[in-house]
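Coordinates in review
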Amino acid sequence: MANEQENVEALDAVVAGAGFAGLYALYRLRAMGLTVRALEAADDVGGTWYWNRYPGARCDVESMAYSYSFSPELEREWVWTERYAGQPEILRYLQHVAERFDLRPLIRFRTRLAAAHYDEAGGLWRLTTERGGRLAARFLVMATGCLSQPRVPPIAELETFAGRIYRTSQWPHEDVDFSGLRVGVIGTGSSAIQCIPLIAAQAAHLTVFQRTPNFSVPAHNAPLEPAARRALMDNYPPFRKALREGFTSLLPEETPQPAALELAPEERERRYRAAWEEGGIKLMFCISDGITSKPANDTLVKFMHDRIREIVHDPAVAERLLPRDFPLGTKRLCVDTDYYATFNRPNVTLVDLRATPIVAATPAGLRTSAAEHALDSLVFATGFDAVTGALLAVDIRGRAGRRLADDWRDGPRMYLGLMAAGYPNLFAITGPGSPSVLSNMVVSIEQHVDFVAELIAALGARGARTVEAQAAAQDAWVAHVAEVAQGTLYPQANSWYMGSNIPGKPRVFLPYVGGVGPYRRKCAEIAAAGYAGFELHA
Ligand code: NA7
């Protein structure tokens, strides 16, 4: 490794992050003969699945689909045990991948990328880690995750609270035992909905502090049936193909569905029931227009309200749990085990923060405008600065010292969610304006990493040293992403998809909702057209 300056490690490529995206990027770039290292803040691989180890943490995409497809050997040898894999199993999988493909020696653990400044004269990214380490690399791959920058809202006088504070996004490695304790959970997003039933079963008392009620469907999680699992393991390619080419990448079968209002009410009800009984997010996809037509969506909302009222015994509690101010699916549909039923337990209290907001913490608990809630432990399940948060947490400066944070003041701007004009050789894996969080992340990660690897290879083949997005292509893509979103109900919700959960964040729809298969085909066409919209320079 040639050191061009003292104490600066010079590499062909640096990958930020060692989760699903970072591990595969390392694998691909090393196979191309590049010198490559990953910088990882944690002390192990896993990314999202390293940090989010709260009780009940589980993927809401089925395990057989939420796995890499790049290695047939890996596909044949890794045996998923449950329909939906829990966090420990996914973390073991990623540890296995790191070991099996000998990726660990390429990863600097406990090393967080702090700054990335483009050196135009040298055609290099000059990188600084949080502890002052310095590296230089031609290519920088941001594999920093879409839900990796936690957000914990300020609570007045929190420092006075005498109990223990936990965050679902940074859960301790040792077992946390809530037996005999009074626990509070703030938030009712996916993380909260997964951990609330388990905490309630263990704690003496659980108080759930809810600001916005959420929709959740049952997972009906279960051990995988060995014969069916084996049949799929022996014949993965068509399954993978269907995921890659379909609209959602979440479900292998995507047969055309009827519009909700074309169905007789009884038939609609039968479909919704069947989806509910099957479990998972199928409910969203058993009609064609759930996310584009408000009247269609209203029928899903009514179905969900009926289920919540059916499950929750106390009518007053059920009413407080009914989501009313956003269409179903415009905030991520949660997948749970016994979430609503947990509110039937005598040791669970639901506090409606809209009616009675938190005023301050006290040594003994939390005080709302109505009461003081005595707590021994407080759990924040309050979400993330999604999609752009982890990118902007790094001080990224491109040509002429321009700052990414300035360029994105009114919202992120990337061509295909992959590259930004003015930032040569900087790639985002599942960046803003790509299907990312609306898709099966592993499918989208593999597609982006493959695209980047092939683009780097194309540079070499053409004798070019840098690639960057053209401003006009980027503008057109950003406009297209916004236009497609406007054709859906998504902008009607104050969701993290819209950046609305972060005070001051521009209200922009972050992912691309045009479909995973169509997006992939668009990327392939662009590559086949000599990387249209990208500039390649010698
Ligand atoms: P989410 O889905 O963003 O949920 C965060 C929750 O925290 C949500 O219910 C918020 O209510 C609540 N929240 C946030 N700030 C506050 C304050 N200040 N006071 C009270 N409640 C608050 O994050 P998750 O970690 O659950 O899930 C993220 C994704 O990870 C999930 O979609 C899966 O894809 C995996 P709000 O709705 O903003 O009123």
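All values reported here derive from a predicted model rather than from experimental measurement. Residue numbers restart at each chain and count upward from 1, following the sequence in its written direction. Totals for whole chains, interfaces and linings use all residues, but because this is a predicted model, local features are given only for residues with pLDDT of at least 70 and pairs of side-chain atoms are given and counted only at 80 or more. With hydrogens and water excluded, all non-hydrogen atoms of the structure serve as input to the side-chain values.

All right, on to the pattern of salt bridges then. Every case where a carboxyl oxygen of Asp or Glu lies within 4 Å of a side-chain nitrogen of Lys or Arg is listed as a salt bridge. Evaluated as defined, the whole model comprises 36 salt bridges. The partner of D44 in a salt bridge is R104, with the nearest N and O atoms 2.8 Å apart. Here D44 is found in the loop between β2 (36-39) and α2 (48-51), whereas its partner R104 is found in the loop between α4 (87-100) and β3 (107-108), with 60 residues between them in sequence. Note that E468 is salt-bridged to R399, the shortest N-O span being 2.5 Å. Taken together, the residues span a long stretch of sequence, with E468 in strand β19 (residues 466-469) and R399 in the loop between β17 (395-397) and α14 (404-407) at a distance of 69 residues. Residue classification places R399 among the partly exposed positions, given a relative accessible area of 24%. Secondary structure elements follow DSSP: runs of H or I no shorter than four residues count as helices, runs of E no shorter than two count as strands, and numbering proceeds from the N terminus. Between buried and exposed lies partly exposed: a residue is buried under 20% and exposed over 50% of the maximum accessible area for its type, with that area taken using a 1.4 Å probe on protein chains only.

On to the nonpolar core. Remark: nonpolar core denotes a set of buried residues (Ala, Val, Leu, Ile, Met, Phe, Trp, Tyr, Cys) joined through side-chain atoms within 4.5 Å. One finds F20, Y68, L416 and F534 to be the most contacted residues of the largest nonpolar core, which totals 145 residues. At 11 residues, the largest contribution of residues to this core is made by helix α15 (residues 441-462). Split by domain, the residues of this core number at least three in each of domain 1 (8-150 + 386-537) and domain 2 (158-380). Those residues in contact with F534 that sit more than four places away from it in its chain are Y415, L416, M419, F451, L455, V467, E468, A469, Q470 and I526. Counting 23 residues, the second-largest nonpolar core is a separate cluster that includes V14, L39, A420 and L426. The split of the chain into domains comes from an automatic or database domain assignment. Only heavy atoms enter the contact rule, under which two residues are in contact if any of them lie within 4.5 Å.

On to the sheet that holds strand β14 (residues 365-368). The strand order across the open sheet formed by 3 strands is β13-β14-β15, and the pairing between neighbours is antiparallel. Looking at strand neighbours, the two that pair on one side only are β13 (358-362) and β15 (372-374), the edges of this open sheet. The mean inter-strand angle of the sheet, taken between neighbouring strand axes irrespective of direction, is 20 degrees. For two strands to be treated as a pair, DSSP must find no fewer than two bridges joining them. Bridging between β14 and β15 involves 3 bridges; their strand directions are antiparallel. Each bridged residue has a counterpart across the sheet, and for R367 the counterpart in β15 is E372. Fitted lines through C-alpha atoms give the axes, limited to the stretch in contact for helices. The angle between two N-to-C directions lies from 0 to 180 degrees.

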